[in-house]
Amino acid sequence: MSIETRKVQQTGGSTYIISLPKTWADKVGIKTGSRVTLQPQPDGKLVIDPIHDAPPARKIQIDVSGRMGDVLMRDMIAAYLAGSDIIEVKADRILAEQKNIIRSMCYKLIGPEIIEETAKKVVIQDLLNPDEISIKKSVRRMYLISNSMHIDAIKAIKTLDADLALDVDQRDDDVDRLFLLIAKQFRAILRGARLPDAAETSIDEYHDLRMAAGPIERIADHARKIAKVTTTLNGPIPDDIMEMLETTSELSRKIAEDAIDALYNFDVVLANQVIDRVSNISPMINKLNGSILKINSYGSVVALGTVVDSIDRTADYGSNIAEIAINSAMSRVV
């Protein structure tokens, strides 16, 4: 549809009016007496959205004949990200292993629930109400979980607490679920969906939050890696090395924390400070690696090398978030 212009007119002395393009009105079902919503955007635009009865459910069918394992999992995730309200999985016969994968994926995603199941068909409905979704809150929640995972992962390897390490591992599923939800939310926004915080959040900010979700998800993965080391250690970590691990870990974690604060507060100064602080960790990482090599147990050397690498990578991902924060803040002044 080509861009049309309209002249603003005044009526009643205080009300401005414009006419709506007839082609567009016919296409979206607007006629005399129809109601529309008017939603101001942060960039000054005004979104006009027709009010209709509930739209028909979006449905997608997936034929899973011969599709197993990761292939089936990727198909399920793709259908979820596409924003389908109903996913119908079908085959001449759905195998028990396939049904286990389908159930597992429903658990790993936020919203989908199985509402019908037969030998040839599984029907999944997304029960999540999009009006209750906030990308800002979802990203913040992702970070809070990943941050707590990192703290507890370091505690688990210090105390050799296998149960705490398992808890960290399981929390990674919560971060993954939020990450996929955010990806789905952003796709919906690109299709014109409105979310609860749309009035005060620009499409640029939605994009930046979606970009930040990636590094946060990776921070959680590295916390999980650290926690998994717990069961591979032959004994307690030497006190001097553990003290260095804790100090370096805290600095790395603080970089990510400040990067998130810079992102949410559009703080360019703090974001640049975060990026500068990353270089301060490199000497500590090198010293840690040198100390670890002096341990007699080869298994412990390899395990602790994984821990140090994950601490280092966490700082790098914090720096990535800080760069996104700078871009986000700059887009507000352009």
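You'll find the structure just up there.
Note that this is a predicted model, so its numbers are computed, not measured.

The rules behind each value
Residues numbered from 1 in each chain as written. Predicted model: local features only at pLDDT ≥ 70, side-chain atom pairs only at ≥ 80, totals over all residues. Heavy atoms only, no water. Axes fitted to C-alpha atoms, helices over the stretch in contact; angles between N-to-C directions. Helix = DSSP H or I, 4+ residues; strand = E, 2+ residues; numbered from the N terminus. Parallel < 35°, antiparallel > 145°, perpendicular 65-115°, else oblique. Left-handed = near helix turned anticlockwise from the far one by under 90°. Core = buried A, V, L, I, M, F, W, Y, C linked by side-chain atoms within 4.5 Å. Buried < 20%, exposed > 50% of the residue type's maximum accessible area, 1.4 Å probe, protein only. Contact = heavy atoms within 4.5 Å. Expected span 1.5 Å × (residues − 1). Polar contact = N/O pair within 3.5 Å; in protein donor to acceptor, adjacent residues only side chain to side chain. Pairing = 2+ DSSP bridges. Right-handed = clockwise from strand over helix to strand, strands pointing away. Phe/Tyr/Trp six-rings, centres within 6.5 Å; stacked < 30°, edge-to-face > 60°. Lys NZ or Arg CZ within 6 Å of the ring centre and 35° of its normal. Salt bridge = Lys/Arg side-chain N within 4 Å of Asp/Glu carboxyl O.

**Student:** Can you help me understand the packing of helix α7 (residues 239-265) against helix α9 (residues 298-331) in this one?
**Tutor:** Pairs of packed helices are described in terms of their axes, by the angle between the two and the distance that separates them. Running from N to C, α7 and α9 cross one another at 20°; their axes reach a closest spacing of 8 Å. Judged on the interaxial angle alone, α9 and α7 are roughly parallel. Seen along the crossing, α7 lies across α9 with a hand that is left-handed.

**Student:** I tried to follow the nonpolar core on my own but got confused; where do I start?
**Tutor:** One broad trend across soluble globular proteins is that nonpolar side chains are buried collectively. In this structure, Ile 157 and Leu 245 are the most contacted members of the largest nonpolar core, which totals 72 residues. When contributions to this core are tallied by element, the ones reaching two or more residues are α2 (69-81), α4 (135-159), α5 (162-190), α6 (203-228), α7, α8 (268-292) and α9. Among the elements that take part in this core, α9 stands out by supplying 13 residues, more than any other. Filtering out sequence-adjacent residues up to four positions away, Ile 157 remains in contact with Ile 226, Val 229, Thr 230, Leu 233, Ile 237, Met 242, Leu 245 and Val 307.

**Student:** Explain α5 to me, please; I cannot follow it from the model alone.
**Tutor:** Residues spaced three or four apart along an α-helix face the same direction, because each turn holds 3.6 residues. Look at α5: 43 Å from first C-alpha to last across 29 residues, which is about the 42 Å you get at 1.5 Å a residue. Of the residues flanking the start of α5, the one acting as N-cap is Asp 161, its side-chain oxygen 3.1 Å from the backbone nitrogen of Asp 163. Gly 192 lies just past α5 and shows a positive phi near 105°.

**Student:** What's the story with the pairing of strand β5 (residues 59-63) in this structure? I'm lost.
**Tutor:** If a strand is regular, its side chains alternate between the two faces of the sheet. Alignment of β5 against strand β6 (residues 86-90), held across 5 bridges, turns out to be parallel. From the neighbouring strand, Ile 60 faces β6, where its bridge partner is Ile 87. For the crossover from β5 across α2 to β6, the handedness is right-handed.

**Student:** Quick question: what am I supposed to make of the packing of aromatic side chains here?
**Tutor:** For any pair of aromatic rings, the description rests on two quantities: the centre-to-centre distance and the angle between the ring planes. Across all of its chains, the model carries 0 aromatic pairs by this definition. Sitting above the plane of the Tyr 264 ring, Arg 140 keeps its charged end 4.3 Å from the centroid. The ring of Tyr 107 has Arg 177 sitting right over it, with the charged end atom 5.7 Å from the ring centre.

**Student:** Got a minute to help me understand the sheet that holds β5 in this structure?
**Tutor:** Strands pair in a sheet through their backbones, by hydrogen bonds, and they do so in one of two ways: parallel or antiparallel. In space, the 4 strands of this open sheet follow the order β5-β6-β8-β7, with mixed pairing throughout. At either margin of the open sheet sits one strand with a lone partner, and together these are β5 and β7 (112-117). In this sheet, neighbouring strand axes are inclined to one another by 20° on average, regardless of whether the strands run parallel or antiparallel. Where β6 meets strand β8 (residues 121-126), 5 bridges bridge the pair, whose relative direction is antiparallel.

**Student:** What should I look at first to understand unusual backbone geometry in this one?
**Tutor:** Working note: non-glycine residues mostly have negative phi, and peptide bonds are mostly trans. The phi angle at Leu 160 is positive, at roughly 55°, despite the residue not being glycine. With respect to the secondary-structure elements, Leu 160 resides in the loop between α4 and α5. With a phi angle near 55°, Phe 266 is a residue other than glycine that sits in the positive phi range. One can find Phe 266 in the loop between α7 and α8.

**Student:** Would you explain the pattern of salt bridges in this entry?
**Tutor:** Where charged atoms from two side chains of opposite charge approach closely, those side chains can pair. Applying the stated criterion to the full structure yields 24 salt bridges. Residues Asp 167 and Arg 171 are paired through a salt bridge, measuring 2.7 Å at the closest nitrogen-oxygen approach. Remark: Arg 171 and Asp 167 occur in helix α5; sequence separation between them is 4 residues, near one turn of the helix. With relative accessibility at 33%, the residue Asp 167 sits in the partly exposed group. Asp 258 is paired through a salt bridge with Arg 277; the nearest N and O atoms lie 3.0 Å apart. In this pair, Asp 258 is assigned in helix α7 and Arg 277 in helix α8, connecting sequence segments 19 residues apart.

Coordinates in, geometry out; function isn't part of it.
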